[in-house]
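# A closer look at the structure
If you want the building blocks of each chain, they are given just below.
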Amino acid sequence: MNLALIILAAGKGTRMNSDLPKVLHPIAGAPLLHHAMQTGAALSPARTIIVAGHGADQVRAAAHAYDEGAEVVMQEEQLGTGHAVDQARDALAGFSGDIAVLFGDTPFLQPETLERMIEARKTHDVIVLGFDLAELQPRYGRLVMDGSRLERIVEYKDATEEQRQIRFTNSGLLACDAETLFGLISDLSNDNASGEYYLTEVVELANQRGLTVTAIKCDEAETLGVDSRTDLANADAIFQTRARSAMLEDGVTLAAPDTVYVSFDTVVGRDALIEPNVVFGPDVTVESGATIRAFSHLEGCHVSRGAIVGPYARLRPGAELAENVRIGNFVEIKNAELARGAKVNHLSYIGDATVGEAANIGAGTITCNYDGVMKHHTDIGARAFIGSNTMLVAPVTIGDEAMTGSGSVITSDVEDGALALARAPQVEKPGMARKLFEMLKAKKARQSRGS
Ligand code: UD1
Ligand code: MG
């Protein structure tokens, strides 16, 4: 079956009170728009059309970041959801098949629900997705049913007191044959409380034409529409709860689940242990049996089996930890590959580097990767021992089994097996400390007598 998705994403989202277009506000690290696109993508649509308006350049970039093949059409003025769908008319000229209209602000829709809508198209011309409101709310269009026939949708603003008591509510999703849909949309009016061209009016128009219209039902949780920051926070909380439950089921130990923040794409393997207050930014994979200790922050990184990270560690994009690597407290790793068994246990920055197998990086070591203009690479060999507080001024290479003395500032390459010392030699003056103490004490005594 030929399917085209139209995802509406042009609205300003006035109730967000934000400069950022609403559909770009993130849930679990990914814009609302990506969540909607992800659901749609599960149906392998032939075409995906995004209707953009407010912040169109940003919306286009975000759409293409998710799917280069997505087509973005403009809705210059936001005259309503029906008008928005109409903007896809030219792009879909000549397309024959079904259209599913999705909202960019409705992130939790499940692909199975979309599939059910498409399936229901076999028996009805127009399918609307609805849900039962657990608590009546002064928002959402109400579905006016006549048996299994959907008679019309009344927006909350336009509804009578009686209609406002209806719990069966519009999710915004609609499926219909392309030609039929655009035919109906040509006849929309804007004679309503908002003065907008409502997509929801197609239901009434379809009935007038003798088409068959029905609504199918899904869980309220799936259709949560994000219109305000409160909705956004609630949606994120729902996402987190689900993602944590899924992790627990997959055999991950979360010592304090409520304190762990995950991203839309976080992958954690079986028998991994995640201690309290860990934050997963986008693009993190933690393999089976790894341990992420408390208060660590990870993004764009890969932690292999048996590795231990934290407490209080920060893994930034490009951190690649091989098996049994140890990253300890107050250590930051960025764009660096650490081979099996390497250790960076305390207070270090390792950036733009490769660290060889079983190398030991002493406390306070820093790869000085940035000269103020360019970034440079540090290469540390296998089983090397970097003394505490070594500054590795990149570009620099430390050989296998090489050693640097504590406090060294290493500016040139160190060959395999060599010891490099780059610090002032120690000077020792016998008895001098005691003499100094006496002098200072005498001075203090004179001062207190004088005062
Ligand atoms: C809409 C539905 C309502 C439903 C609710 C579910 C209409 C008229 N109302 O109301 O029945 O219960 O969603 O969440 O359809 N958009 C555009 N261009 C526009 C207007 C909106 O692209 O001119 C986009 C928005 O960016 C958003 C989506 O359409 O992604 C929905 O718009 P929104 O203003 O949030 O509609 P609701 O008032 O929530
Ligand atoms: Mg909405």
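Residues numbered from 1 in each chain as written. Chains lettered and ligands numbered in written order. Predicted model: local features only at pLDDT ≥ 70, side-chain atom pairs only at ≥ 80, totals over all residues. Heavy atoms only, no water.

It is worth spelling out the pattern of salt bridges at this point. In this structure the tally under the stated criterion is 21 salt bridges. For Glu 161, the salt bridge identified is with Arg 164, shortest N-O distance 3.5 Å. Pair noted here: Glu 161 and Arg 164 are both in helix H5 (residues 161–164), with a separation of three residues, about one helical turn. You can call Glu 161 exposed: its relative accessible area is 53%. Between Arg 293 and Glu 275 there is a salt bridge, and its shortest N-O distance comes to 3.2 Å. In this pair, Arg 293 is assigned in the loop between strand S17 (291–292) and strand S18 (297–298) and Glu 275 in the loop between strand S14 (273–274) and strand S15 (279–280), connecting sequence segments 18 residues apart. Taking the relative accessible area as the measure of exposure, Arg 293 reaches 34% and is therefore partly exposed. Because the salt bridges share partners, they merge into one network encompassing Arg 15, Lys 22, Asp 105, Arg 139, Asp 227 and Asp 231. (Salt bridge = Lys/Arg side-chain N within 4 Å of Asp/Glu carboxyl O. Helix = DSSP H or I, 4+ residues; strand = E, 2+ residues; numbered from the N terminus. Buried < 20%, exposed > 50% of the residue type's maximum accessible area, 1.4 Å probe, protein only.)

What follows covers the coordination of the magnesium ion (ligand 2). Metal coordination angles have textbook ideals: 109.5 degrees for a tetrahedral set of four donors and 90 or 180 degrees for an octahedral set of six. Around the magnesium ion (ligand 2), the protein contributes the donor atoms Asp 105 (OD) and Asp 227 (OD), at 2.4 to 2.5 Å from the metal centre. Pair noted here: Asp 105 is in the loop between strand S6 (98–103) and helix H4 (111–120) and Asp 227 is in the loop between helix H8 (220–223) and helix H9 (229–249), with a separation of 122 residues, a long-range link. (Donors = N, O, S within 2.8 Å, 3.2 Å for Na, K, Ca; no water.)

This paragraph deals with the sheet that holds strand S33 (residues 403–404). Read across the sheet, ten strands follow the order S12-S14-S17-S20-S23-S25-S27-S30-S33-S35 without closing on themselves; strand pairing throughout is parallel. Every interior strand has two partners, whereas the edge strands, strand S12 (253–254) and strand S35 (419–420), have only one. Relative to strand S23 (residues 326–329), strand S20 (residues 308–309) is paired through two bridges, and the arrangement is parallel. Pairing of Ile 308 across the sheet is with Arg 326, part of S23. (Pairing = 2+ DSSP bridges.)

Around ligand 1 lies a shell of 23 residues, among which Gly 11, Gln 75, Thr 81, Glu 155 and Asn 170 are the nearest. Residue Ala 10 places a main-chain N or O atom 2.9 Å away from an oxygen atom belonging to ligand 1. Between an oxygen atom of ligand 1 and a side-chain N or O atom of Thr 81, the distance comes to 2.7 Å. Its free accessible area being 760 Å², ligand 1 has 89% of it covered by the protein chains. When each cavity is represented as a set of grid points, ligand 1 is found to reside in the largest pocket. At the level of secondary structure, the elements contributing two or more residues to the shell around ligand 1 comprise strand S1 (3–9), helix H3 (81–86) and strand S10 (168–177). Considering only residue class, the shell around ligand 1 consists of eight nonpolar, ten polar and five charged. (Near = heavy atom within 4 Å. Polar contact = N/O pair within 3.5 Å; in protein donor to acceptor, adjacent residues only side chain to side chain. Areas by Shrake-Rupley, 256 points an atom, 1.4 Å probe, with all protein chains shown as cover. 1 Å grid on protein atoms, 1.4 Å probe; cavity = no way out; pocket = protein on both sides within 12 Å on 5 of 7 lines; lining within 4 Å. Sits in = over half its atoms within 2 Å of the grid points. Nonpolar A, V, L, I, M, F, W, Y, C, P; charged D, E, K, R; others polar.)

So, on to the domain arrangement of the chain. Reports of interface size often rely on the accessible area that becomes lost once the parts have come together. When its domains are assigned, the chain resolves into domain 1 (3–223) and domain 2 (229–420). Taking only C-alpha atoms, the centre of domain 1 and the centre of domain 2 are 43 Å apart. In this complex, domain 1 contributes 16 residues to the contact, which on the side of domain 2 involves 14 residues. With both chains or domains summed, domain 1 and domain 2 bury close to 1200 Å², and 59% of this area falls on carbon and sulfur atoms. When the area that domain 1 buries against domain 2 is broken down by residue, the three leading residues are Met 16, Ala 28 and Phe 108, summing to 44%. Counting every contact that joins domain 1 to domain 2 gives one salt bridge. The salt bridge partner of Asp 231 is Arg 139, with a shortest N-O separation of 3.2 Å. Counting across the domain 1 and domain 2 interface gives six residue pairs in polar contact (both at pLDDT 80 or more). Counting only elements with at least two residues in the side of domain 1 that touches domain 2, the list comes to strand S2 (26–27) and helix H1 (32–41). For the side of domain 1 that touches domain 2, the class distribution of residues is eight nonpolar, six polar and two charged. (Domains from an automatic or database assignment. Contact = heavy atoms within 4.5 Å. Buried area = accessible area lost by both parts, 1.4 Å probe.)

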